[in-house]
Amino acid sequence: MRAFWHGAYGASPANNQVTYNFLTADMQCGWSGYEKTTTTNPGRCTPLTDDVEITELRVWITTAPGASKSWTFAVRDDAVTTAASVTISGASAVSGGWTGSVTIAAGSLANLISTPSGTPAGTGQMHWIITYQTAGSFYLAIGGGQTANTGSVTYPQMSGCADAGAQTSATEWAQLAPTGFSVTKLGIVNCSQVGGGTNTVVVRKNNTTDSTGVTMTSGVPAIGSITPFAVAAGDTFILKMTPAGGAAWGNFSMCATIVPDTDGEVVVCFGGGAGPSTSATTYEGPQGLGNGAWNGTENLVAYRFLPCTLKKLYVLLSAAPGSGKSWAVTVREQGVDTALTTSIATAATSGNDTTHTETVTVGELIAVKA
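Worth saying up front: this structure is predicted, and the values here are computed from it rather than measured. (Residues numbered from 1 in each chain as written. Predicted model: local features only at pLDDT ≥ 70, side-chain atom pairs only at ≥ 80, totals over all residues. Heavy atoms only, no water.)

Draft legend 1. View of empty space enclosed by the protein. Under the definition given, this model contains three cavities of 30 Å³ or more. One number sums up the size of the second largest cavity: a volume of about 80 Å³. Taken together, 13 residues line the second largest cavity, and the ones lying closest to its centre are Thr 37, Cys 45, Val 189, Phe 252 and Ser 253. (1 Å grid on protein atoms, 1.4 Å probe; cavity = no way out; pocket = protein on both sides within 12 Å on 5 of 7 lines; lining within 4 Å. Points joined across faces, edges and corners; volume = space filled by probe spheres on them.)

Draft legend 2. Fine view of the pairing of strand β9 (residues 126–133). Burial within β9 is extensive, with seven of its eight residues counted as buried. Bridge count for strand β1 (residues 2–9) against β9 is eight bridges, and the pairing is antiparallel. Within β9, the position partnered with Ala 3 by the bridge is Tyr 132. As paired elements, strand β4 (residues 52–61) and β9 share eight bridges and run antiparallel to each other. Bridging from a neighbouring strand, Arg 58 pairs with Ile 129 of β9. (Buried < 20%, exposed > 50% of the residue type's maximum accessible area, 1.4 Å probe, protein only. Helix = DSSP H or I, 4+ residues; strand = E, 2+ residues; numbered from the N terminus. Pairing = 2+ DSSP bridges.)

Draft legend 3. Just the sheet that holds β4, in detail. What the four strands build is an open sheet, ordered β1-β9-β4-β7; its pairing is antiparallel. Strands with a single pairing partner mark the edges of an open sheet, and in this sheet they are β1 and β7 (95–104). Within the sheet, the average angular offset between the axes of one strand and its neighbour, ignoring direction, is 15°. (Axes fitted to C-alpha atoms, helices over the stretch in contact; angles between N-to-C directions.)

Draft legend 4. View of the pattern of salt bridges. Following the criterion strictly, the structure yields ten salt bridges and no others. The closest approach of N and O atoms between Asp 210 and Arg 204, which form a salt bridge, is 2.6 Å. Given the relative accessible area of 32%, Asp 210 is considered partly exposed. The class of Arg 204 is buried, set by a relative accessible area of 13%. Across the pair Lys 369 and Asp 337 runs a salt bridge whose closest N-O atoms are separated by 3.0 Å. In this pair, Lys 369 sits in strand β26 (residues 364–369) while Asp 337 sits in strand β24 (residues 336–346), placing the two residues 32 residues apart along the sequence. (Salt bridge = Lys/Arg side-chain N within 4 Å of Asp/Glu carboxyl O.)

Pasting the structure below:
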């Protein structure tokens, strides 16, 4: 199955040292000088739950590096830079692309590396897209970056690397499924786990039902198959982590193998505890930008997509708008409303649009308007 990971960051990586980021970082998840997590510093790598063949890497920045200066961005496989690499150089270039074939095996820790040359100008806002192929009808959802609360059950999101605290509530950051799928594998890593003990991760659906799980001991990456766990359109889902035996740990990353009910469909979603403005139009990225990231300026939150068809918009509120009040939620493409929209009014708390579709071409900016 062909799919892609998209990532973004709203500011430049360091222009005087090598830095790292998650494959699917959000706009607020910064580049780090640490590839793997230490006891004091959060790393930026993810354990892949299945083999993938990376076939394309595209990178966009908003500020050119400058004369005789450059940025190089590449995919890493267990701390080794692969051939999936893009260099953007000179006084006018603001994008670059690579195509080819790089295979990364299940269990590898994968991430992005940023290498400056000649102290280039800051990139400004940047986006990247990684296209990959799997050997079956499945794709990989990457999440993490959040800091777990020592000794407590916490709930991080399955997809999107928010670089913000995992929640003690199973509902506040729960993501909403617009189509059916099953989770068949889970992977987790956190190299800073101390104090012994274990951490077990499961999928929690509708805050009522848990999947079988995968348990990590002493910071060693754990990847395992689980009993296939079905999620239907309209269900909420989130990951649940349970520490035992005195386990204490900081930042972590996770991966899940997802088998869609309809071959070729990929879920892009997020959940946040802070809603959009109640008095002005605001925007959010379709993958989310972390808690409370709704913004009045659309291009600060939009994500770039590869060619695909957008469909099946689902929206869930934690509170109804109120009598005579409503929310209109619309998918945007290149700053223009698409036909994908839903209205939620008065006592309702959910809405969807399963009728309309929107065709996206390479590199177009996609956002959600409320």
